[in-house]
Amino acid sequence: MIETIKILAAISSIIGSAILAYRVTGILSSLSFVANCHELNIQQLMPDHQGDIYNLGNSTAHVEKAQKKGLLITGFVLLIASGVLQLVALVMVNA
């Protein structure tokens, strides 16, 4: 029974960490894209800019897409469950 709880805790931790890593990578990618678009738009408005001007509008749609919270909440819940399961296993061993 205790070994099963420890295994479930490890699995919850691994899956939760993987989900959070996936979501954080997506969020950072979207924010980086928007920051780069913003910087490019500013550079094109400078007086010494030569060449074509591209308006990179609607970049906030990428941030809005990255704001989905379902996977973040799932990842955190799994990490919390892992901690609780580890605590339960520890209490059971010492009882």
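Up top is the structure.
Since the structure is predicted, the reported quantities are computational estimates derived from the model, not experimental observations.

**Student:** Quick question: what am I supposed to make of the overall build of the protein chain here?
**Tutor:** Across its full length, the protein chain carries 3 helices and 0 strands. Along its sequence from the N terminus, the protein chain presents helices and strands in the succession α-α-α. Relative to a compact globule of 95 residues, whose C-alpha radius of gyration would be 12 Å, the protein chain shows 22 Å and is clearly more extended. The principal-axis extents of the C-alpha atoms in the protein chain amount to approximately 75 × 20 × 15 Å. In the protein chain, buried positions account for 17% of the 95 residues.

**Student:** Teacher, can you tell me more about helix H1 (residues 2-45) here?
**Tutor:** What sets the pattern is the α-helix's 3.6 residues per turn: residues three or four places apart point alike. Here H1 is 44 residues long and its end C-alpha atoms lie 64 Å apart, about the 64 Å a rise of 1.5 Å per residue gives. What H1 keeps buried is the set Ile-5, Ala-9, Ser-12, Gly-16, Ile-19, Leu-20, Arg-23, Ser-30, Val-34, Cys-37 and Gln-44. Looking at the buried residues of H1, the elements they touch are helix H2 (60-66) and helix H3 (70-94).

**Student:** Explain H3 to me, please; I cannot follow it from the model alone.
**Tutor:** For H3, spanning 25 residues, the distance from its first C-alpha to its last is 36 Å, which sits close to the expected 36 Å at 1.5 Å a residue. Considered for burial, the residues of H3 that qualify are Gly-75, Ser-82 and Ala-89. The elements touched by buried residues of H3 are H1.

**Student:** Is there a simple way to think about the layout of surface pockets in this case?
**Tutor:** Gaps between atoms show up when a probe of the same size as a water molecule is rolled over them. As a volume, the largest pocket reaches approximately 170 Å³. For the lining of the largest pocket, the elements supplying multiple residues, two or more each, are H1 and H2. Tallying contributions element by element places H1 first for the lining of the largest pocket, with 5 residues. Taken together, the residues that form the lining of the largest pocket break down as 2 nonpolar, 4 polar and 3 charged.

Reading guide: rules and limits
Residues numbered from 1 in each chain as written. Predicted model: local features only at pLDDT ≥ 70, side-chain atom pairs only at ≥ 80, totals over all residues. Heavy atoms only, no water. Helix = DSSP H or I, 4+ residues; strand = E, 2+ residues; numbered from the N terminus. Rg over C-alpha atoms; globule rule 2.2 N^0.38 Å. Buried < 20%, exposed > 50% of the residue type's maximum accessible area, 1.4 Å probe, protein only. Expected span 1.5 Å × (residues − 1). Contact = heavy atoms within 4.5 Å. 1 Å grid on protein atoms, 1.4 Å probe; cavity = no way out; pocket = protein on both sides within 12 Å on 5 of 7 lines; lining within 4 Å. Points joined across faces, edges and corners; volume = space filled by probe spheres on them. Nonpolar A, V, L, I, M, F, W, Y, C, P; charged D, E, K, R; others polar.

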